[in-house]
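# Coordinates in review
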Amino acid sequence: MHCVISVMLLLTAPGGLVLPQAPCPGWTAGPQKTVLPSGIFDYMDGAGELYLGYGFRKLYVREYRKSGQPTIVCELYELPTAADAFGLFSYDRTGEPLKIGQGAVYASGLLLAWHGKYFLRILADRETPESKQCALELAKQTIKLCGAPGKPPAALQWLPKDNLDAETVHYFHTHMCLNYFHFLATKNILNLSGKTEAVMGTYNGKQGKSLALVVGYPSVDEARRAWEQFRKVYLAGLSLSGPHCLAKLENGRWVAGSQVGRKLVLVLESPTREDCLKLIEQILVCNGAKGGKRR
Amino acid sequence: MKGDGITRRDFLKGTVTGVAGLALGAGLPTAGAETAKKGSQSVVAVVRSSEALTSDMQVNVTVCRNLIRQAVMQAVGTANASAAWKKLFKPTDVVGIVTSKAVNPTHMELANLVKEELAAVGVSEQNIKFIQRETDLVKECTALIALPALKAHWLTGIGTVLKLYIMFSGKPSNYHNENSSKLGEIWQMDFIKGKTRLVLIDALRPTCDKGPQVDPRYQWVYGGIIASTDPVAAEAVGLKIIQAKRDEIKGEPWPLSPPPICVAAADKEYKLGTSDLSKIRIKKLGWNEGWLI
């Protein structure tokens, strides 16, 4: 009964969630901080843009200490949507998969997870067996505060599953995030913004890997403008062939693109002409283009 | 930079060269003590010990004192460390030791050791300043020592030497992403220009991916101090180490993204030093495993 009452108090505390106060025996919780977007750069100088790029609304932070053990920092980010929480989780899933929340990994003292519209990041400044055990317990308790599961981004369906390496799929909005995953250009040549959705993933083939990107724009007209700009800036000087502007890059790899409705489909690098063509047609079919032809 | 900025294809075409090209896998000759040209102007010393950090990642002060002395001596080319410090700094100097705070902070034990070395050659204690963001203190200094930690950065590719002074610009966001090529501009500001007499990179435990926050998955114990009087050469060598570690982790080329365009620009546009690894003489001493250069 006591536990039930405690959890209810945590959930109903004024000002938002309250992170666990005694997750592990012997560990002491410090005071909780709540960081708003306006204060993100005071909290994490130089790093705030990533979280702003997903439109984060609140960040709850608490430190946990125990004599002889590393400090554990727990950060819980509240995002506008579950899709955005997944997006933050998708930026790097390297680590041991865990059954916590809707997805979690652990490696070298860092635990990342997402659940509903929350992204969780727990970091021990060095790893010990006890800090790992506490981080796992802290994650389980924190995820319980995050409410019901949320829906992953519908945009994940824009990438066909055949030969897709699911662990490489990223969901994001902004140019800064695109360049974080794959440098394309210093200028925002795809007109990415908080109003665009993008998914990127790697496909495995016999000749090597292909990288695909699909961007959804608010309107067909905006997709058209982005496609025109991509051709003008990125494909300039290349010999383009076929309806998908297939072209060979200077490194011998292949690029192709096409607009389908309000989406822009790009295969940014592919090892062979055939792989590139096959992949872009698969993606176009997946996104409603009949026979892989442009609308 | 052209009107449309730099694209990935510019790297593929080779129109962006130097270490920035290296970062996108363009490939450059491997530099090192063996390949450096005789008579090179820029010398970078990389001195390492497997015992620089303890098993719980604390700084081994005794070992690091020796690393710093060896590194400075090798970088300056004197018979002993004291002579190197005396060659670089006068007792009348006001010396700022500039350390990094964000993401992968400088181990402050190293800054304290540097302070001791300066004091030993006659610089008075009140004339040695620890600086992170205090522009007013920089203005008071007659000499600076750049002491950043080795790290990649998600807005500039590399966030070590050239980015260290970004807060002194008063407008740090003006030097991110495509504008990171202008980081060298900060080193030309009136109150900074010509003051940096020594660069010491804390490469005890670098981070080879760009964060944006500390990510232990991409930190490793390198146990090194990198020293040079050429900030661009020191950055280029640090970048080479980071890139090599990334490739080692992935087992295939894993380019930094965004590319570290600031390094070649600091050389070509701002004339701050040498970015071409084939023109840098690298002196390597110490722990003979995992050099990455």
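Look up: the structure comes first, before these words.
Residues numbered from 1 in each chain as written. Chains lettered and ligands numbered in written order. Predicted model: local features only at pLDDT ≥ 70, side-chain atom pairs only at ≥ 80, totals over all residues. Heavy atoms only, no water.

Right, let's talk about the side chain of Lys263(A) for a bit. All names here are of chain A. Here Lys263 shows up in strand S14 (residues 263-270). For the buried Lys263, no salt bridge is present, and the opposite-charge side chain at shortest range is Glu197, 8.8 Å distant. Setting aside residues up to four positions removed in sequence, Lys263 forms contacts with Trp158, Val214, Val215, Gly216, Ala223, Ser258 and Asn287. (Helix = DSSP H or I, 4+ residues; strand = E, 2+ residues; numbered from the N terminus. Buried < 20%, exposed > 50% of the residue type's maximum accessible area, 1.4 Å probe, protein only. Lys, Arg positive; Asp, Glu negative; His and termini not counted. Salt bridge = Lys/Arg side-chain N within 4 Å of Asp/Glu carboxyl O. Contact = heavy atoms within 4.5 Å.)

Taken as a whole and judged by the stated rule, the model has one cavity of 30 Å³ or more. Counted as a void, the largest cavity has a volume near 50 Å³. Lining the largest cavity, in full, are Asn179(A), Phe183(A), Thr186(A), Asn177(B), Glu178(B), Pro258(B), Pro259(B) and Ile261(B). Among the residues making up the lining of the largest cavity, the classes are represented as four nonpolar, three polar and one charged. (1 Å grid on protein atoms, 1.4 Å probe; cavity = no way out; pocket = protein on both sides within 12 Å on 5 of 7 lines; lining within 4 Å. Points joined across faces, edges and corners; volume = space filled by probe spheres on them. Nonpolar A, V, L, I, M, F, W, Y, C, P; charged D, E, K, R; others polar.)

Residue and element names in this part refer to chain A. Within strand S13 (residues 254-260), seven of the seven residues are buried, which leaves it mostly tucked inside the rest of the structure. A two-sided burial pattern is seen for S13, the buried positions comprising Trp254, Ala256, Ser258 and Val260 on one face and Val255, Gly257 and Gln259 on the other. Of the pairings in the sheet, the one linking strand S12 (residues 247-248) to S13 comprises two bridges and is antiparallel in character. Bridging across to S13, Lys248 finds its partner in Trp254. The pairing of S13 with S14 spans six bridges and is classified as antiparallel. Along S14, the bridge assignment pairs Ser258 with Val265. Where S13 folds back onto S14 in an antiparallel hairpin, the turn is made up of two residues, including Gly261, whose phi is positive at roughly 60°. (Pairing = 2+ DSSP bridges.)

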